[in-house]
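Survey of secondary and tertiary structure
Residues per chain, in single letters:
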Amino acid sequence: MNINFNTFILIFIIIGFISYILKNIFIKIEQKTYFNSIKYPLFIKIIKHSANLFKETYPILLIIFIFRSFFYEPFKIPSASMMPTLLIGDFIIVEKFSYFLKNPITNKIILFISKPKYGDVVVFQYPKNTKTLFIKRIIGLPTDKIIYNEKTKEIKIYKLYKHKYILNKKIISYSKERNSNFIEEINFLKNNINEIFWNKNNIKYKKPNSIFLNLIEKKENINNINYNILLIPNILLKYIYKNSSTNKIKTWIIPKNMYFVMGDYRDNSEDSRYWGFVHQNNLIGKAKYIWMSLEKEENHWLHKIRFDRIGKKL
């Protein structure tokens, strides 16, 4: 069992409730005249103070526990893997009852509500370390066959019909590539790259030991949900990631109760392509809104608020 924030709140509620019961017992004992002159040990005084604190705070703690366990929970975007949809410093609201209700302690499913859909942005427990939470987009559903072309960065989805896989051409489509406003810094020393980049069209500008690369963007439409994905130009990708041929065709068949997830920044996301599928039991909930967005400004300890992103629906 993982000890998370909700578990800590529940532990405090239980301890406070026990203290409250014990305090009432001690009060009844004190009412008997032959106990009036007895001095209680320090731990009993602590119990009494804990009971008083519990009485004042338990309604708030109980509301927080119920709200976070069954309804909504905040989540901060820690990495660039979901750019351009989500940026580092975005704070989102996760709807925890989108798919099912879970036991907040054991994380077991109590009640199924709906099934995840293509294109949903979901927060889930990383399968290799369930204490870590990831956020990605659902690309494949149980029993699907997924084919990914590393060169074109495009996906084909085959649905299983009567024991045969049939290409579903309507489920996913792409626009043409275009230059993005997003720029990636590539460090020569860190990535063991030489100056082969410096004369390429996608180079925005350079500084000693680094180049700033103009990324590529294209629109992906899955299940009538439109969003943009970010790509590193193929002509440069093989130099950045030495183990990538950028020409491989990869195929996965998704088991039952499993989901295939990917980040929108396709060349900078560790997802189902590398570590496998996400079991439905590991799903935390569906990302719904950005409620705050902070950008760290260079040489400033304060953060800039990105007001234009607040309230954005996912």
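Let me begin by describing the structure that accompanies this report. (Residues numbered from 1 in each chain as written. Predicted model: local features only at pLDDT ≥ 70, side-chain atom pairs only at ≥ 80, totals over all residues. Heavy atoms only, no water.)

Side note on the environment of L133
This is how the line gets drawn: Secondary structure elements follow DSSP: runs of H or I of four or more residues count as helices, runs of E of two or more count as strands, with numbering from the N terminus. Classification of residues uses two cut-offs on accessible area relative to the type maximum, computed with a 1.4 Å probe and protein chains only: under 20% is buried, over 50% is exposed, and between them is partly exposed. By definition, residues are in contact when any of their heavy atoms lie within 4.5 Å.
For L133, the location among the structural elements is in strand β6 (residues 129-140). Given a relative accessible area of 34%, L133 falls into the partly exposed group. When the C-alpha positions of L133 and I284 are compared, they lie 8.7 Å apart, and in sequence the two are 151 residues distant. Those residues in contact with L133, other than ones at most four positions away along the chain, are F75, V123, F124, Q125 and I284.

A short note on the packing of aromatic side chains
Put simply, the test is: Between rings of Phe, Tyr and Trp, where Trp is taken as its six-membered ring, a pair exists when centres lie within 6.5 Å; planes separated by under 30 degrees are stacked, by over 60 edge-to-face, and by other angles tilted.
Across all of its chains, the model carries 12 aromatic pairs by this definition. Here F124 and F134 contribute two aromatic rings whose centre-to-centre distance is 6.1 Å and whose plane-to-plane angle is 65°, an arrangement assigned as edge-to-face. With F124 in strand β5 (residues 121-126) and F134 in strand β6, this pair connects stretches of sequence that are 10 residues apart. For F124, a relative accessible area of 0% corresponds to the buried category. Judged by centre distance (5.4 Å) and plane angle (75°), the rings of Y126 and W275 are edge-to-face.

Things to note about the sheet that holds strand β9 (residues 164-167)
Note the cut-off: Each pair of strands is called paired provided DSSP finds at least two bridges between the two strands. Only C-alpha atoms enter the line fits that serve as axes; for helices the fit covers just the stretch in contact. Angles between N-to-C directions range over 0 to 180 degrees.
Taking strand neighbours across the sheet as the criterion, the four strands line up as β9-β8-β7-β15 in an open arrangement whose pairing is antiparallel. The sheet terminates laterally at β9 and β15 (249-253), the two strands that pair on one side only. In this sheet, neighbouring strand axes are inclined to one another by 25° on average, regardless of whether the strands run parallel or antiparallel. Summarising the sheet, strand β8 (residues 154-161) and β9 pair through four bridges and their orientation is antiparallel. The residue of β9 that forms the bridge with Y158 is L167.

Points about the pattern of salt bridges
Heads up, the rule is: Only one rule defines a salt bridge in this text: a Lys or Arg side-chain nitrogen within 4 Å of an Asp or Glu carboxyl oxygen.
Tallied over the full model, the rule gives 12 salt bridges. In this structure, E154 engages K218 in a salt bridge whose closest nitrogen and oxygen atoms are separated by 3.0 Å. Of this pair, E154 sits in strand β8 while K218 sits in strand β13 (residues 210-222), placing them 64 residues apart in sequence. With relative accessibility at 29%, the residue E154 sits in the partly exposed group. Classification of K218 by relative accessible area gives buried; the value is 3%.

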